[in-house]
Amino acid sequence: MTGKEIRLNVLEQCNPSFQAFGLWTHPRDRSTDYTSIDFWVDYARIAERGLFDNFFIADVYGVPDVFAGTPDAALRNGSQGPSLDPVVLISAMAYATESLCFTVTGNATYEMPYSFARRMSTLDHMTGGRLGWNVVTGYLDSGARAMGRDGLGPHDERYAVADEFLAGVYRLWEESWEDGAVLRDKENGLYVDPSKVHAIDFPGKHYRFNTIHATETSPQRTPVIFQAGASERGRRFAAQHAEGIYINGTSRAVVADQIANFRKRVADAGRDPQSVKVFAGVTVIVDDTTEAAHERYAEYKRYTSVEGLMALMSGAMGIDLSQYPLDEPLEFQENDANRTVMENMTKHNRWTLREAMEAKALSGTNIPLVGSPDEVAEELIGWIDDTDLDGFNIARTVNHETLENFVDLVIPALQERGRYKTSYSEGTFRQKLFGSGSRIGVDHPARRGWSTDDVVAQ
């Protein structure tokens, strides 16, 4: 294979409308079936047919309620509400597939280390080691209120809490059970050697526990760690912890600069800068010819909901876009919501609200690509070669039509160019992603003994 092998993730969220808002109304769209297990099993099988590396499910607590001060617009349009718990879906999707891996979003602000560590270890067992965890801290004030808080709390403080949360779950996953602790010796009636199982005493500021990890050692111990923070504090957090990061950029130059900066941060954190895979979000509209692809794009666009998009963006940016003049440039505002979205909509572009809504109507925060299979393949390869990206998160537009089109048309074009695999490699998610062992790297904080003292230093 010449050039970097392109990695692909499905990008999804468990609700009717995600990234392409309003497209659930399209007559061929299946998103209204999202509460059916068959919907998710079919989805996973399509991704595996396309040899996708990973099925990444985003998630957020709460419903966007910043737009016009109510959740009404979000609910009318199915924009991040209603939603399902993605954790519940993974076992069924994994059972229906053999090699596809799964990354589930888990909130380090509202979970408890002991119960969360057990849940992830269980999923790592049930998937045969095909599990990743996307670490988030939350960005909706409605989510904080739903979890009994007065509000989100300071942005950077949420990352400090997440640092401590990870220190706790790392110790449970990596230190509580020694290798060889589980014997399953039927003849002598000995399932576990108790001398090889250790209680973890964790005296944190936000989380305190003294316990043995509930679950015996899973195939990976620690799931593959993903993160998407792009604020200054989020970048430091990702450089310490992430094995994969998700970014959104508006140009190749911006993305290349982000990646170069991030890899330097990883090195400064004492880790191999190439031990982290970087993915950008992409929305692809493809058809047999350029003309047909643009006709398909125009057809899809007739079903977009600007109100649904504005409801989502208001929640993500923490500003009420219903009060914003349509033809004035969007201005950066410091707040405790999602600074990644805020920066992409303001600092990296000088869009008016009208221009932003027009540009993002079908792609949300993703890069939009429209064209023939050859055009899309060349564009994806160009982004990889010009930016040092490792791959892409492919978001739905019309479910499951756009993913099927991508699998049937773009995957062969990438394979013909020698830039995409023709079969899955063996092993766990971490083995497939890095070609190394199932355990997290020895230079990672999980193996170095990341502690509450390290958290204070951050």
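Everything here concerns the structure above.
Because the structure is predicted, anything quoted here is derived from the model rather than measured. Every chain begins its residue count from 1, and numbering advances along the sequence as written. Reporting of local features is limited, given that this is a predicted model, to residues whose pLDDT is at least 70; pairs of side-chain atoms are given and counted only at 80 or more, and all residues count toward the totals for whole chains, interfaces and linings. With hydrogens and water stripped out, all remaining heavy atoms of the structure feed into the side-chain values.

All right, on to empty space enclosed by the protein then. The definitions used throughout rest on a 1 Å grid laid over the protein atoms alone, on which a cavity is an enclosed set of points accommodating a 1.4 Å probe that cannot get out and a pocket is an open set flanked by protein within 12 Å on both sides along at least five of seven lines; lining residues are those having an atom within 4 Å of a point. Grid points are joined across faces, edges and corners, and a volume is the space filled by probe spheres set on the points. One pass over the structure, following the stated rule, counts 3 cavities of 30 Å³ or more. A volume near 70 Å³ is recorded for the largest cavity. Per the convention used, a helix needs a DSSP run of H or I reaching at least four residues, while a strand needs a run of E reaching at least two, with both numbered from the N terminus. Every element with two or more residues in the lining of the largest cavity is listed here: β1 (7-13), β13 (391-395) and α14 (401-416). Ranked by residues supplied to the lining of the largest cavity, first place goes to α14 with 3 residues. In this structure, the second largest cavity occupies an estimated 60 Å³ of space. As for the second largest cavity, its lining consists of Ser121, Leu172, Trp173, Trp177, His213, Thr215, Glu216, Thr217, Ser218 and Arg221. Charged residues are taken to be Asp, Glu, Lys and Arg, nonpolar residues to be Ala, Val, Leu, Ile, Met, Phe, Trp, Tyr, Cys and Pro, and polar residues to be all remaining types, Gly included. Its residues assigned to classes, the lining of the second largest cavity comprises 3 nonpolar, 5 polar and 2 charged.

Each reported salt bridge corresponds to a side-chain nitrogen of Lys or Arg within 4 Å of a carboxyl oxygen of Asp or Glu. Counting across every chain of the model gives 30 salt bridges. When the shortest N-O distance is used, the salt bridge between Lys4 and Asp388 registers 2.8 Å. Taken as a pair, Lys4 in the segment before β1 and Asp388 in the loop between α13 (373-387) and β13 lie far apart in primary sequence, 384 residues in all. With a shortest N-O distance of 2.6 Å, Arg252 and Asp386 are connected by a salt bridge. With a gap of 134 residues between them, Arg252 in helix α8 (residues 252-268) and Asp386 in helix α13 connect regions that are remote in the sequence. With a relative accessible area of 47%, Asp386 lands in the partly exposed category. Using a 1.4 Å probe on the protein chains alone, a residue whose accessible area is under 20% of its type maximum counts as buried, one over 50% counts as exposed, and one in between counts as partly exposed.

One finds Phe52, Phe55, Leu389 and Phe392 to be the most contacted residues of the largest nonpolar core, which totals 85 residues. When residues in this core are grouped by element, the largest group, 10 residues, is from helix α6 (residues 155-175). Two residues qualify as a contact provided that any one of their heavy atoms is within 4.5 Å of a heavy atom in the partner residue. Beyond its immediate chain neighbours, meaning those up to four positions away, Phe392 contacts Ile6, Arg7, Leu8, Asn9, Phe279, Ala280, Val282, Leu380, Trp383 and Ile384. Put simply, buried Ala, Val, Leu, Ile, Met, Phe, Trp, Tyr and Cys residues joined by side-chain atoms within 4.5 Å make one nonpolar core. One finds Phe67, Leu312, Ile319 and Trp351 within the second-largest nonpolar core, a separate group that totals 22 residues.

The subject of this paragraph is the packing of α13 against α14. Axis definition: a line fit to C-alpha positions, over the contact stretch in the case of helices; interaxial angles, taken between N-to-C directions, run 0 to 180 degrees. Remark: α13 packs on α14, axes separated minimally by 8 Å, with the N-to-C direction vectors making an angle of 60°. Considered as vectors, α13 and α14 are oriented oblique to each other. By crossing handedness, the relation of α13 to α14 is classed as right-handed. Residues Pro373, Asp374, Val376, Ala377, Leu380 and Ile381 of α13 lie in contact with α14, whose contacting residues are Phe406, Leu409, Val410, Ala413 and Leu414. Between 65 and 115 degrees an angle is taken as roughly perpendicular, under 35 as roughly parallel, over 145 as roughly antiparallel, and anywhere else as oblique. Helix crossings fall into two classes, left-handed where the near helix is turned counterclockwise from the far one by less than a right angle and right-handed where it is turned clockwise.

This part takes up the environment of Tyr424. Mapped onto the elements of the fold, Tyr424 is located in the loop between α14 and α15 (429-434). Measuring from C-alpha to C-alpha, the distance between Tyr424 and Ala68 comes to 48 Å, with 356 residues separating the pair along the chain. Once you skip the residues sitting within four places of it in the chain, Tyr424 turns out to touch Ala47, Glu48, Leu51, Phe52, Ser99, Leu100 and Lys432. Polar contacts involving the side chain of Tyr424 include one to the main-chain carbonyl oxygen of Phe52, which spans 2.6 Å. Counting of polar contacts relies on pairs of N or O atoms within 3.5 Å, with two restrictions inside protein: one atom must be capable of donating a hydrogen and the other of accepting it, and residues adjacent in sequence are counted only when both atoms are side-chain atoms.

Fair warning: the whole summary comes from geometry, so function is off the table for now.
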